[in-house]
Amino acid sequence: MDHLDTHCHIVPPGWRKWCEELGWDQPDGMPCIPEWTPEGHTDFMDKVGIKRSILSITSPGTHLKINDFALTRRITRETNDEMAEICRKFPDRFGWFASLPLPDVEGSLAEIDYALDQGASGFAVMTNAQGYYMGDPRFDRVFEKLNERKAVIFMHPTQCCSLDNPDADKPMAQYPSPMLEYFFDTTRAVVNLLLSGTVTRFENLTFLVSHCGATLPPLVERFATFSTLILKSSERLTSERVKELLRTRFFFDLAGMPFPDLLHGYLRISEPERLLYGSDYPYTPRVVVENLTRTMEEQLKTLFDEALIRRIFSGNAEDLKM
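Attention here is on the structure that accompanies the text. Every chain begins its residue count from 1, and numbering advances along the sequence as written. Owing to the predicted nature of the model, reporting of local features is limited to residues with pLDDT of at least 70; listing and counting of side-chain atom pairs is limited to 80 or more, with chain, interface and lining totals taken over all residues. As a rule here, side-chain values come from all non-hydrogen atoms in the structure, and water together with hydrogens is ignored.

### Considering the sheet that holds strand β1 (residues 3-9)
Any two strands with at least two DSSP-identified bridges between them are counted as paired. Runs of H or I in DSSP of at least four residues are treated as helices and runs of E of at least two as strands, each being numbered from the N terminus. Strand order in the open sheet formed by eight strands is β1-β2-β3-β4-β7-β8-β9-β10, and the pairing between neighbours is parallel. The open sheet has two edge strands, β1 and β10 (275-276), and neither has a second partner. Taken together, the four bridges between strand β7 (residues 152-156) and strand β8 (residues 206-209) define a ladder with parallel strand orientation. Counterpart to Phe 154 in the pairing with β8 is Leu 208. When checking whether two residues touch, look at their non-hydrogen atoms; a contact exists if any pair is within 4.5 Å. Helix axes use the C-alpha atoms of the stretch in contact, all axes being lines fitted to C-alpha atoms, and the angles between their N-to-C directions lie in the range 0 to 180 degrees. Running at roughly 75 degrees to strand β9 (residues 250-253), helix α9 (residues 239-249) makes contact with β8 and β9 of the sheet.

Spelled out as structure tokens, the structure:
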């Protein structure tokens, strides 16, 4: 059964060089940036049964030097150009989500049209940009522009960041952020998008959420109830309205370890028709992805019929024109 991979990553040489020069050679507590080549990626795809992959830059994104917006614009443009060129060489195998130089609003506005004109399938944004979460009012102009272009927004988790001291130790810094903190940061971003009204004000946007909704499922009732009790009327959402928005405006990928437990929590708040296949390659090593994909295929057969499984593996993403 063919797969369309919406959560996988590219490590272009220029971006790797910038990361190494600016101190991001062990991103978010991980031991290294993995090796990557387009040939190695397509070989992996053939092994797993992936017909097409949508590449993106993962955490830390392209804002690699705090508050240096000029450098961030340069890195973002160079990186997007690298991705576009690689995808032009492999048009049947790769698409790409462009990066934005957030929290730089003006630079992001300029990059949106440029990237889409270069063939981007949408945009990869980190869950927070230097501590400002998606849904923050300072990003309204960016979301307005994305809304005009009816953009797909892939939100990838990154490490929690202190606004007062961005160099401060992160929560439980002895563990790599992807182990736990990525899930919490994803939840913060989704909740902020919902309660800020960003999702309802910009109706043309489609959001892709990593890791099967992360820690969101058991918290919907809690944050929705709090919103009706303490927030102003424009920010209040019932749990029923939250679930309606999750079922209509969001998709959720199966990268990581959604079985045996995580998927069942997800099915309490959304539907299988909103699920997408994701490998997280190469940050998840090839042999691990192969094992996880086999588990995914076996477990999905216990829950859904073949037609629905095909939609999860490729059809839902195809409907997004990726």
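### Focus: a nonpolar patch on the surface
Patch membership needs two things, relative accessible area over 30% and no salt bridge, and members are linked within 9 Å if like-charged or within 5 Å if nonpolar (Val, Leu, Ile, Met, Phe, Trp, Tyr). Note on areas: these come from Shrake-Rupley sampling with a 1.4 Å probe, and a residue is covered only by the protein chains present in the view. Any Lys or Arg side-chain nitrogen located within 4 Å of an Asp or Glu carboxyl oxygen qualifies as a salt bridge. Judged by side-chain polarity, Met 172, Tyr 175, Met 179, Leu 180 and Phe 184 come together as a nonpolar surface patch covering roughly 480 Å² of accessible area. Structurally, Met 179 is set in the loop between β7 and α6 (181-195).

### With respect to the side chain of Ser 59
By secondary structure assignment, the location of Ser 59 is in the loop between β2 (50-56) and α3 (69-89). A 3.5 Å cut-off defines polar contacts: any pair of N or O atoms within that distance qualifies, except that in protein one atom must be a possible hydrogen donor and the other a possible acceptor, and neighbouring residues in sequence count only when both atoms are side-chain atoms. There is a polar contact of 2.5 Å between the side chain of Ser 59 and the side chain of Asp 28. Here the side chain of Ser 59 touches Thr 158 through a polar contact of 2.6 Å, side chain to side chain. The residues touching Ser 59, leaving out its near neighbours within four places in the chain, are Trp 15, Pro 27, Asp 28, Met 126, His 156, Pro 157, Thr 158, Gln 159 and Tyr 182.

Functional significance is not addressed by these values, which are geometric in nature.
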